[in-house]
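Coordinate analysis (summary)
Each chain, written out:
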Amino acid sequence: MLPPRIVATDLDGTLLDSTGSVSPRTRRALHLAREAGAEIVFVTARPPRDVDPIAETAGVGGTAICSNGAIVYDAGAREIVTRHDLDPGTAARIADTLAEALPGVAFAAETGRRVLGEPGYVTQHAHDLAHYHEVPTIRDAGEPVVKLLAWSAAHTVDEMFTAAVAAVEGQAEVTHSGGRGLLEISAPGVTKAGTLAAICAARGVEPAEVTAFGDMPNDLAVLAFAGAGYAMANAHHLVLAAVERRTLSNDEHGVAVVLERLYT
């Protein structure tokens, strides 16, 4: 069996260890795959600005799929190649419906360059504070939005997901990364897997020639698309239940373990 032409990997909880770092062993394994001719594609909920330092540390340039598939990013050139925005009117309607269904919910909007957050949205990441800008309401953000974020301390992510699916009525994609009370909402048809499939088609790469790694529900479709999809040992229970192939945890260099076997 030939080694895969594309290695598609999630970042948090997958390629990165619990400190948010790329371990030396993982960096060597990525280099091994690249030397064998494989393309490394990051597939992440993170925006491009959060991919840059990881790509530099990992020694990986080229294509990254960001913001759950809404952005295709050239990490080497540090340029957004394509983006798929959520319609502002749709985002406002979804926010209104969710605010009624889930009292206390607050919203933020990821623009691809920065985060516009309402006063009640208090789940900012420390690494993103320099790019965070508070606004009275995301309904008047005035900028293109690639991802609507809904957060609540009073509701579980499962409760929020059920309410959001009913609210969007097919007008958007709803997913989550397993975090407490945090939903991510994108334009209809925009998913990590859909964007990866489009990239593979453009390169003439079959799904059987893709190996993928992930740990959260928003990775499930990617793992299903790939000829070989691996769930991390530390993955969300829904991922572990759905994915047959397993590797070690992110803190045990699970991605590296597989790549070493495939490319040595």
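Here the structure is shown first, and the text comes after it.
To start, this report covers the structure provided alongside it. (Residues numbered from 1 in each chain as written. Predicted model: local features only at pLDDT ≥ 70, side-chain atom pairs only at ≥ 80, totals over all residues. Heavy atoms only, no water.)

Inspection of every chain in the model, using the stated rule, returns 1 aromatic pair. Ring geometry for phenylalanine 213 and tyrosine 230: centres 5.5 Å apart, planes at 20°, overall stacked. With a gap of 17 residues between them, phenylalanine 213 in strand 12 (residues 210–214) and tyrosine 230 in strand 13 (residues 228–232) connect regions that are remote in the sequence. (Phe/Tyr/Trp six-rings, centres within 6.5 Å; stacked < 30°, edge-to-face > 60°. Helix = DSSP H or I, 4+ residues; strand = E, 2+ residues; numbered from the N terminus.)

The interhelical angle for the contact between helix 4 (residues 88–101) and helix 5 (residues 157–168), taken along N-to-C directions, is 140°, at an axis separation of 9 Å. Put simply, helix 4 runs oblique to helix 5. Where helix 4 crosses over helix 5, the two elements pack in a sense that is right-handed. Side by side, helix 4 and helix 5 meet where Ile94, Thr97, Leu98 and Ala101 of the first sit next to Ala163, Ala164, Ala167 and Val168 of the second. For the contact of helix 4 with helix 5, the residue count by class is 7 nonpolar, 1 polar and no charged. (Axes fitted to C-alpha atoms, helices over the stretch in contact; angles between N-to-C directions. Parallel < 35°, antiparallel > 145°, perpendicular 65-115°, else oblique. Left-handed = near helix turned anticlockwise from the far one by under 90°. Contact = heavy atoms within 4.5 Å. Nonpolar A, V, L, I, M, F, W, Y, C, P; charged D, E, K, R; others polar.)

Right, let's talk about helix 4 for a bit. Given 3.6 residues to a turn, an α-helix orients residues that are three or four positions apart in the same direction. With 14 residues, helix 4 extends 20 Å between its outermost C-alpha atoms, agreeing within 8% with the 20 Å of an ideal straight helix rising 1.5 Å per residue. Of the residues making up helix 4, those classed as buried are Thr90, Ala91, Ala92, Ile94, Ala95 and Leu98. Between the side-chain oxygen at the start of helix 4 and the backbone nitrogen of glycine 89 there is a gap of 3.1 Å, and the oxygen is on aspartate 87. (Expected span 1.5 Å × (residues − 1). Buried < 20%, exposed > 50% of the residue type's maximum accessible area, 1.4 Å probe, protein only. Polar contact = N/O pair within 3.5 Å; in protein donor to acceptor, adjacent residues only side chain to side chain.)

Moving on, we get to the sheet that holds strand 5 (residues 79–83). A sheet is described by the order of its strands in space; here 8 strands give the open sequence 5-4-3-2-1-12-13-14, paired in mixed fashion. Two strands in the sheet have a free side with no partner beyond their single neighbour: strand 5 and strand 14 (246–247). As paired elements, strand 1 (residues 6–9) and strand 2 (residues 39–43) share 4 bridges and run parallel to each other. Note that in strand 2 the partner of alanine 8 across the bridge is valine 41. Against the sheet, helix 6 (residues 192–203) touches strand 1, strand 2, strand 3 (63–66), strand 4 (71–74) and strand 12, its axis set at about 155° to strand 3. (Pairing = 2+ DSSP bridges.)

Turning our attention to the packing of helix 2 (residues 24–35) against helix 9 (residues 254–263). Relative to each other, helix 2 and helix 9 sit at 30°, their axes nearing to 9 Å. By the angle between their directions, the pair helix 2 and helix 9 is classed as roughly parallel. Crossing of helix 2 against helix 9: the hand is left-handed. Listed contacts from helix 9 to Arg25, Thr26, Ala29, Leu30, Leu32 and Ala33 of helix 2 are Ala256, Val257, Leu259, Glu260 and Tyr263. Of the residues that constitute the contact of helix 2 with helix 9, the class distribution is 8 nonpolar, 1 polar and 2 charged.

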